[in-house]
Amino acid sequence: MRIPPLDLVTEYHSIKTEIDEAVHAVLESGDFINSSNVAAFESEAAGYLGVEHAVGCGNGSDALLLALMALNVGPGDCVITTTQSFFATAGSIARLGATPVFADIDPATFTLDPADLPRAESRAGGMVKAVIPVHLYGQCADMDPILQYAHDRGWAVIEDTAQAFGATYKGMRAGTIGDIGTFSFFPTKNLGCYGDGGMAATRDDHLADRIRILRVHGARRKYFSEVVGINSRLDELQAAVLRVKLRHLDSWIANKRLLAGVYDDGFRALSDFVQPPVVAPGNVHTYHQYTIRVRDGCRDALQRYLANQGIASTVYYPQLLHLQQCFVALGYHTGDMPHAEQALGEILSLPVWPAMRKGDVHAVLDEVMAFFEEFPGGGCA
Ligand SMILES: *Cc1c(COP(=O)(O)O)cnc(C)c1O
């Protein structure tokens, strides 16, 4: 048996004719950067999200950087974010000379806990300019209380939507609820291209205009820079791929939700050992990851056992942001983020991808079951 974390080759084969045609058309056009496919994808993505502006860029990390640049975040400023995320969420803040200020997670959903915002605020040494909730593993952070807390204080809200293209929160699309939403099209994401790609979405004309020029060296008119920007462009080949894949996204998410249901049902028999993902009320989860919590110190042993059976599983992420070596000077310590630190040793993401078969989910469940039969009293350590 071999069950990978996801299977992009099978996915490509399922849309091969459309993809091959789209890619060939770009090659024949001789137009490779910021041309018709980028413009068309931006308008199709904006339409899908129900937002005024979508601006393509080089990757999801740059989308965060561009969003913060558009908000004039710089040295002396603070930006609050969650400690449980991919590095780029905090790296983008630090790269601009601003200070990331970390908050703990809601232990049920793993997303930024709005109740921890006051503690983060009091920890911030400078002026807080923005907060970046992350829609981790494919479901939205609890946006209403975050927006209220932020907007009461004049902070902007950037939604890191790299893992949640297509998710909804109380009927609104992830990435359109705050001031700017940022997206990654890294191949493994919900909507992924065949290389690097990213995007920022916003309802705000001024912010969209800023992001649009910041991605091309601050130049509205080529070679005439109004502000200092960066080079971060989505290319035509990736945009052409994304246009094809966007048409399939809803059915792919629906498939993953079905598979997640199969996992959920299976884990009911293992409720003493495994906590399946908790979907907060008002959320439609897209299962970018199907992330369980494993009790009794059994996570690492379970992961090794599954690997021996040919089943891939992953820990996203093995280090929290407040404990990263590069942020030692910020002065955080173990114990500062108790919910995230507890989750760190328990989380495990199991295989899930749109074309995965139910039989494969059952095979994973059977192996998890077999593992816990060896430890009937619990306690692996
Ligand atoms: C993937 C990811 C990013 C960065 O996206 P890249 O396209 O790899 O630069 C940022 N934030 C989160 C939460 C991500 O998962």
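Residues numbered from 1 in each chain as written. Predicted model: local features only at pLDDT ≥ 70, side-chain atom pairs only at ≥ 80, totals over all residues. Heavy atoms only, no water.

## Here we look at the pattern of salt bridges
By the definition in use, this model includes 19 salt bridges. Arg119 is the salt-bridge partner of Asp116, the closest N and O atoms lying 2.7 Å from each other. Residue Asp116 is classed as buried on the basis of its relative accessible area of 10%. Connected through salt bridges with shared partners, the residues Glu42, Arg212 and Arg215 form a single ionic network. (Salt bridge = Lys/Arg side-chain N within 4 Å of Asp/Glu carboxyl O. Buried < 20%, exposed > 50% of the residue type's maximum accessible area, 1.4 Å probe, protein only.)

## Quick notes on the packing of aromatic side chains
Inspection of every chain in the model, using the stated rule, returns 19 aromatic pairs. With a centroid separation of 5.4 Å and an interplanar angle of 70°, the aromatic rings of Tyr316 and Tyr317 are classed as edge-to-face. By relative accessible area, which is 25% here, Tyr316 ends up partly exposed. Linked through ring pairs, Phe41, Tyr48, Phe165, Phe183 and Phe185 together constitute an aromatic cluster. Over the ring of Tyr149 we find Arg153; its NZ or CZ atom is 3.5 Å from the centre of that ring. The ring of Phe224 has Arg221 sitting right over it, with the charged end atom 4.0 Å from the ring centre. (Phe/Tyr/Trp six-rings, centres within 6.5 Å; stacked < 30°, edge-to-face > 60°. Lys NZ or Arg CZ within 6 Å of the ring centre and 35° of its normal.)

## Comments concerning the layout of surface pockets
Computed from the structure, the largest pocket encloses a volume of approximately 710 Å³. Around the largest pocket, the lining comprises 47 residues; the ones closest to its centre are Phe186, Thr188, Lys189, His288 and Gln289. Residue assignment for the lining of the largest pocket shows that the elements contributing at least two residues are helix 1 (8-14), helix 4 (60-70), helix 5 (88-95), helix 9 (236-267) and strand 15 (347-350). For the lining of the largest pocket, the per-class residue count stands at 24 nonpolar, 16 polar and seven charged. Of the domains in this structure, domain 1 (8-243) and domain 2 (249-374) are the two that each give at least three residues to the lining of the largest pocket. Looking at the second largest pocket, the residues that line it are Ile33, Asn34, Arg215, Val216, His217, Ala219, Lys222, Tyr223, Ser225, Asn231 and Arg233. (1 Å grid on protein atoms, 1.4 Å probe; cavity = no way out; pocket = protein on both sides within 12 Å on 5 of 7 lines; lining within 4 Å. Points joined across faces, edges and corners; volume = space filled by probe spheres on them. Helix = DSSP H or I, 4+ residues; strand = E, 2+ residues; numbered from the N terminus. Nonpolar A, V, L, I, M, F, W, Y, C, P; charged D, E, K, R; others polar. Domains from an automatic or database assignment.)

## Let's talk about the side chain of Thr81
By the secondary structure assignment, Thr81 is in strand 2 (residues 77-82). Only 2.7 Å separates the side chain of Thr81 from the backbone oxygen of Ile132, close enough to count as a polar contact. When near neighbours in sequence (up to four residues on either side) are disregarded, Thr81 contacts Thr89, Ile93, Val101, Phe102, Ala103, Leu112, Ile132 and Val134. (Polar contact = N/O pair within 3.5 Å; in protein donor to acceptor, adjacent residues only side chain to side chain. Contact = heavy atoms within 4.5 Å.)

## Structural notes on the domain arrangement of the protein chain
Here the domain parsing of the protein chain yields domain 1 (8-243) and domain 2 (249-374). A separation of 24 Å is found between the C-alpha centroids of domain 1 and domain 2. Taken together, the contact pairs 44 residues of domain 1 with 38 residues of domain 2. Counting the surface domain 1 buries against domain 2, the share from its top three residues, Phe102, Tyr137 and Asn190, is 20%. (Buried area = accessible area lost by both parts, 1.4 Å probe.)

## What about the site of the ligand?
Near the ligand you find 14 residues, and of these Gly60, Ser61, Asp160, Ser184 and Lys189 are the closest. Relative to its free-state accessible area of 380 Å², the ligand is covered by the protein chains to the extent of 92%. At a threshold of 2 Å from the grid points, most atoms of the ligand map onto the largest pocket. Within the residue set of the shell around the ligand, elements represented by two or more residues are helix 4 and helix 5. (Near = heavy atom within 4 Å. Areas by Shrake-Rupley, 256 points an atom, 1.4 Å probe, with all protein chains shown as cover. Sits in = over half its atoms within 2 Å of the grid points.)

## Side note on a nonpolar patch on the surface
On the surface, a cluster of nonpolar side chains totalling about 270 Å² of accessible area is made up of Leu27, Phe32 and Ile33. Within the fold, Leu27 resides in helix 2 (residues 16-29). (Patch = residues over 30% accessible without salt bridge, like charges linked within 9 Å, V, L, I, M, F, W, Y side chains within 5 Å.)

## Considerations on the pairing of strand 2
Counting buried residues along strand 2, six of its six residues qualify, which places the element largely inside the surrounding structure. Of the two faces of strand 2, the one lined by Asp77, Val79 and Thr81 and the one lined by Cys78, Ile80 and Thr82 are each fully buried. Relative to strand 4 (residues 127-132), strand 2 runs parallel, the two being bridged by five bridges. Looking at strand 4, one finds that Val79 is bridged to Ala130. Relative to strand 3 (residues 99-103), strand 2 is paired through five bridges, and the arrangement is parallel. Directly across from Thr82, in strand 3, lies its bridge partner Ala103. Taken together, strand 2, helix 5 and strand 3 constitute a β-α-β crossover, and its handedness is right-handed. (Pairing = 2+ DSSP bridges. Right-handed = clockwise from strand over helix to strand, strands pointing away.)

## A short note on the environment of Thr334
For Thr334, the position within the fold is in the loop between helix 10 (299-308) and helix 11 (338-344). For Thr334, a relative accessible area of 66% puts it in the exposed group. When the C-alpha atoms of Thr334 and His206 are compared, they prove to be 41 Å apart, with 128 residues separating the residues in sequence. Ignoring any residue separated from it by four or fewer positions in sequence, one finds Thr334 in contact with Leu323 and Glu341.

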